[in-house]
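Chain by chain, the residues:
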Amino acid sequence: MPPPYVNKWASLAASLACLLTSGLAYAFSLYADDLKRHFGFDQEQISTVSAWMNAGSYFGLPAGWAYDGLRSYPRLGPRLCLVAGASIMCCGYLALWAAATGPAASASLPAVAAAAFVAANGATWLDAAALATAVRNHGRHRGLAVGVLKGAVGLSGSVFSTLFLASYARDSPRFLLLLALAPPCIVLPASLFVNAVPFDQRDEWPDAGALLAPSARFSAAAAVLAALAVYQMGTALVLSGPGAAALSRPARWVLVGGLAAVASGLLAVPAGSGGLWAVPAEEDGSEGAGDGESGAGDDPAAPLLPPSSPSPPLPVLTPRQCLTSIKFGLLFFIVTVGGGCGLAFINSAGAVAAALDAPAGAALLVSAFSVANCAGRLAFGAASEAALHSRWRVPR
């Protein structure tokens, strides 16, 4: 008898935990000035390092190919991609830590840039595994699933900026070591609960007696991220304010403990959904397609109950077809311009803070940017889902 599948909602909560470590590239400006001083880089050279880190953050083709190659293994495939991503991030940040703690002459600009590329590239594996699995599991709520998960990515920079302000502001090498160890410590155990469920769960149906409807569970996940964002912003203001110097080390770690307490609210997302293991709808006498990959779940605009003649599945395009598609080109352009503007700001946050004579340096800017990033992803994920299911069915 094959092992059971983990409940879709437990898989979503575990994916959110993984993605809270995937936006570490946003924290580059927190230690960029120390790297610049250690290696004697000028602004152009440290910008080159940040550019390579950005390139690593968006070179996601290997991760996508690997995930698709393992698609026929709904349990093992997502977990292997998550483990690979955490391992790649660990290796990259360990290389940066070793360079930052060693003699300045021992690492050249190309070596530091390569380490930054590898460190950031691991996040693409986490993104690919978490997002693709959630879309497979929640076919009717793709916009909500993507918005919530990408919100966690956006918020991760704020999480680590709080840790930086709490204990690592004067020790960037030790902060780099934290960035190396955090992904495997969080992702490896969480990955055990991530899988694609190839059938419809009983709790997805209105007559199942579940505690919450699927849309309400996504709202609960978004509420936890929103609470975390508010807490993060308040903590950053406290740790960077005029009275921050008077805070003792235990008081700072109490604030960090509050961060963990708020984040633990993600454990409530799968509550009342039928236990840890996924229960097929057929076992309880239900029929039809739910959020899974089968049946009408492949059509995000399909009615709740399957029609007598089901809609054809969404087309699956090859990479070559994507590259020759006008729609893909337009989306690529929008993402490049929109994402590039944000990355240009976040990578220069240290210089911006210095120019503005900001007492907290880049940390407060990173936290504010990260919180706003999270809010935008949550809001537009929900808006896209609502527009898709409107009478016009246009999520643009």
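For clarity, every value in this text was computed on a predicted model and none was experimentally measured.

(A) Local environment of the packing of aromatic side chains. Following the criterion strictly, the structure yields nine aromatic pairs and no others. A ring pair is formed by Phe28 and Tyr31, whose centres lie 5.4 Å apart and whose planes are at 75°; its orientation type is edge-to-face. Here the residue Phe28 and the residue Tyr31 both occupy positions in helix H2 (residues 28-39), the gap between them amounting to three residues, near one helical turn. Residues Phe28 and Tyr31 agree in their burial class; the two are buried. Here the aromatic rings of Phe59 and Phe117 are separated by 6.3 Å at their centres, their planes lie at 40°, and the arrangement is tilted. Residue Phe59 is located in the loop between helix H3 (43-58) and helix H4 (61-69), and its partner Phe117 is located in helix H6 (residues 109-137); the two are separated by 58 residues in the primary sequence.

(B) Highlighting the environment of Tyr67. Assignment of secondary structure puts Tyr67 in helix H4. Residue classification places Tyr67 among the buried positions, given a relative accessible area of 3%. A sequence separation of 61 residues divides Tyr67 from Ala128, and the C-alpha atoms of the two residues are 7.2 Å apart. Discounting residues that sit within four places of it in the chain, Tyr67 has contacts with Pro78, Cys81, Ala128, Ala129, Ala132, Thr133 and Arg136.

(C) Spotlight on the nonpolar core. Residues Leu16, Tyr31, Met53, Tyr93, Leu96 and Phe175 are the most contacted members of the largest nonpolar core, which totals 81 residues. The biggest single contributor to this core is helix H7 (residues 142-168), with 14 residues.

(D) Region of the structure containing the confidence of the model for the protein chain. Across the protein chain, the average pLDDT comes to 81, with 79% of residues at 70 or higher. The low-confidence segment residues 284-312, where pLDDT is below 50, has 67 contacts with residues more than four positions distant or belonging to other chains.

(E) Local environment of helix H10 (residues 249-263). Between its first and last C-alpha atoms H10 spans 21 Å; for 15 residues at 1.5 Å apiece the expected length is 21 Å, and the two agree. Turning to H10, its buried residues number three or more, namely Arg252, Val256, Gly258 and Leu259. Taken end-on, H10 shows its buried residues confined to a sector of 145°, consistent with a single buried face. In H10, the exposed positions that point more than 90 degrees away from the buried face belong to Pro250 and Val254. Against the buried residues of H10 lie H7 and helix H9 (214-240).

About the criteria used
- Residues numbered from 1 in each chain as written.
- Predicted model: local features only at pLDDT ≥ 70, side-chain atom pairs only at ≥ 80, totals over all residues.
- Heavy atoms only, no water.
- Phe/Tyr/Trp six-rings, centres within 6.5 Å; stacked < 30°, edge-to-face > 60°.
- Helix = DSSP H or I, 4+ residues; strand = E, 2+ residues; numbered from the N terminus.
- Buried < 20%, exposed > 50% of the residue type's maximum accessible area, 1.4 Å probe, protein only.
- Contact = heavy atoms within 4.5 Å.
- Core = buried A, V, L, I, M, F, W, Y, C linked by side-chain atoms within 4.5 Å.
- pLDDT = per-residue confidence, 0-100.
- Expected span 1.5 Å × (residues − 1).
- Arc of directions from axis to C-beta.

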